[in-house]
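Residue-level structural notes
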Amino acid sequence: MTSPFKQGLDKVCKGRVRFNEPLSRHTSFGIGGPCDAFIYPADLEDLQKVLALCKEQEVPVFVIGNGTNLLVGDGGIRGAVLKLSQACFQIESSGELVSVGAGVGLARFLWWCARQGLGGMEFASGIPGSVGGAIRGNAGTLKGEISDRVMQVEGIDLESGESLCLNGDKVGFAYRKTDLPSSFIITKATFQLYRDSLENVKLRMDEYFLIRKRSQPLDERSAGCIFRNPEGSSAGQLIDEAGCKGMSRGGAVVSSLHANFIINRGGATASDVLMLIKDVKKRVRDRTGVNLELEIEVIGEF
Ligand code: EPU
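Conventions we followed
- Residues numbered from 1 in each chain as written.
- Predicted model: local features only at pLDDT ≥ 70, side-chain atom pairs only at ≥ 80, totals over all residues.
- Heavy atoms only, no water.
- Disulfide = S-S within 2.5 Å.
- Patch = residues over 30% accessible without salt bridge, like charges linked within 9 Å, V, L, I, M, F, W, Y side chains within 5 Å.
- Areas by Shrake-Rupley, 256 points an atom, 1.4 Å probe, with all protein chains shown as cover.
- Salt bridge = Lys/Arg side-chain N within 4 Å of Asp/Glu carboxyl O.
- Helix = DSSP H or I, 4+ residues; strand = E, 2+ residues; numbered from the N terminus.
- Buried < 20%, exposed > 50% of the residue type's maximum accessible area, 1.4 Å probe, protein only.
- Contact = heavy atoms within 4.5 Å.
- 1 Å grid on protein atoms, 1.4 Å probe; cavity = no way out; pocket = protein on both sides within 12 Å on 5 of 7 lines; lining within 4 Å.
- Points joined across faces, edges and corners; volume = space filled by probe spheres on them.
- Nonpolar A, V, L, I, M, F, W, Y, C, P; charged D, E, K, R; others polar.
- Near = heavy atom within 4 Å.
- Polar contact = N/O pair within 3.5 Å; in protein donor to acceptor, adjacent residues only side chain to side chain.
- Core = buried A, V, L, I, M, F, W, Y, C linked by side-chain atoms within 4.5 Å.
- Phe/Tyr/Trp six-rings, centres within 6.5 Å; stacked < 30°, edge-to-face > 60°.
- Lys NZ or Arg CZ within 6 Å of the ring centre and 35° of its normal.

Taken as a whole and assessed by the stated rule, the structure comprises zero disulfides. Note on cysteine 113: no disulfide assigned, nearest cysteine sulfur contributed by cysteine 88 at a separation of 18 Å.

This is the structure in structure tokens:
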């Protein structure tokens, strides 16, 4: 990290900045080495200024949501990590259309919907990510996915600094992914919901959450499902049938509740998790011929 960048941040950024911040504090795995600068832009204008500075100083930018679908290397990230929980935190509604900042936690958004008597997002009950992260990865469950409800996505193009607004059908939503380039920083999205009673919405939220809680290790440190489901089958079932539950490397272990979860049972490194991922992939390939693909994002230096 060059001192002109640090000085520049001092000058342009109104938000909080932490240097050499361990990313283990910002991931649900509790794993990840330090990034050069961890920045909470104070508002949209601040975000734009920070992005322009990063571009001018050729500092790589990574936007982190709630860090819940992420494996960060033990060597951390060379560059700036931006967290939008302050710059993009608003929820505003106009009837059944709701515009939500990318930095809002999905859980907060869901409770807001329940209180307003707006249905449609209950499928996401128990998904721990941020709205921005959920959009980028088209987060979902068997009950629905983000793309079912998103009408528009707003963001900033890192290269040009331009603000863009895309209609839902231009986002390229597919199973657990979108076509949005990494240079597109999501700032906000508009969701189409529908009127319902608080009781109905809450009932569905509770029901879906309980189903997940019974079958997934929600209280442990993990990054959710590690692998995407291959077409027509379940990665969890394949991993289970290949006998991988309980397999471990260092502090990382395959959950005995749901085989598509890897848990940090304490002191796991990113390398432990990566080795375990390779072990599981190999065993499933040897036993079934299926080549599992990662669902989580792997970034940084290992
Ligand atoms: N199964 C096993 N053993 C296991 C796990 C699952 O035999 O260890 C079997 C189950 O009995 C069931 C089938 O596999 O017959 C499917 O399991 P489940 O209902 O748990 O769904 P999944 O396909 O494993 C998907 C999403 C989850 C989402 C759940 C619930 C993916 C990769 N996973 O899991 O999403 O929460 O449905 O809707 O799409 C995530 O994206 O991080 C995630 C956890």
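Turning next to a nonpolar patch on the surface. Residues Leu294, Val298 and Phe302 make up a contiguous nonpolar surface patch of about 230 Å² in total accessible area. When you line up the elements, leucine 294 lands in the loop between helix H7 (270-288) and strand E18 (297-299). Overall, leucine 294 belongs to the partly exposed group, its relative accessible area being 33%.

Time to look at the environment of glycine 140. Among the secondary structure elements, glycine 140 is positioned in strand E9 (residues 140-141). Along the primary structure glycine 140 and glycine 75 are separated by 65 residues, whereas in three dimensions their C-alpha atoms are 31 Å apart. With near-sequence residues (within four places) excluded, glycine 140 lies in contact with Phe123, Ile127, Glu145 and Arg176.

Time to look at the layout of surface pockets. Roughly 260 Å³ of volume is contained in the second largest pocket. Considering the residues around the second largest pocket, the lining is formed by 18 residues, among which Leu44, Ala87, Cys88, Thr187 and Lys188 are closest to the centre. Breaking the lining of the second largest pocket down by element, the ones donating at least two residues are helix H2 (44-56), strand E7 (97-101), strand E11 (150-157), strand E12 (163-167) and strand E13 (184-192). The residue inventory of the lining of the second largest pocket, partitioned by class, reads eight nonpolar, seven polar and three charged.

So, on to the site of the ligand. Taken together, 21 residues lie around the ligand, and Leu142, Tyr175, Arg212, Asn229 and Asp240 are the ones closest in. Here leucine 142 contributes a backbone N or O atom positioned 2.6 Å from an oxygen atom of the ligand. A total of 830 Å² of accessible area belongs to the ligand in isolation, and the protein chains cover 75% of it. Among the elements that make up the shell around the ligand, the one with the highest residue count is helix H6 (residues 235-241) (three residues). Taken together, the residues of the shell around the ligand sort by class into six nonpolar, 10 polar and five charged.

As a rule of thumb, nonpolar side chains are buried together in soluble globular proteins. In terms of nonpolar packing, the biggest core is built from 51 residues, with Phe109, Met121, Ile135, Ile146 and Phe191 touching the most fellow members. The greatest single-element share of this core, amounting to six residues, is contributed by helix H3 (residues 106-116). Sequence-distant contacts of phenylalanine 191, defined by excluding residues within four places in its chain, comprise Glu96, Leu97, Val98, Val100, Phe109, Met121, Val131, Ile135, Ile146, Arg149, Val150 and Met151.

Another point: unusual backbone geometry. At asparagine 20, a position not held by glycine, the phi torsion is positive, near 50°. Its place among the elements puts asparagine 20 in strand E1 (residues 16-22). In the Ramachandran plot, glutamate 58 falls in the positive-phi region, its phi being about 55° despite a non-glycine side chain. Tracing the chain through its elements places glutamate 58 in the loop between H2 and strand E3 (61-64).

So, on to the packing of aromatic side chains. For the coordinates displayed, the defined rule picks out two aromatic pairs. On the basis of an interplanar angle of 50° and a centroid distance of 5.0 Å, the ring pair of phenylalanine 109 and phenylalanine 191 is categorised as tilted. Here the residue phenylalanine 109 occupies a position in helix H3, and phenylalanine 191 occupies one in strand E13, the gap between them amounting to 82 residues. Since its relative accessible area comes to 0%, phenylalanine 191 is described here as buried. Positioned above the aromatic ring of tyrosine 40, the side-chain terminus of arginine 16 is 4.2 Å from the ring centre.

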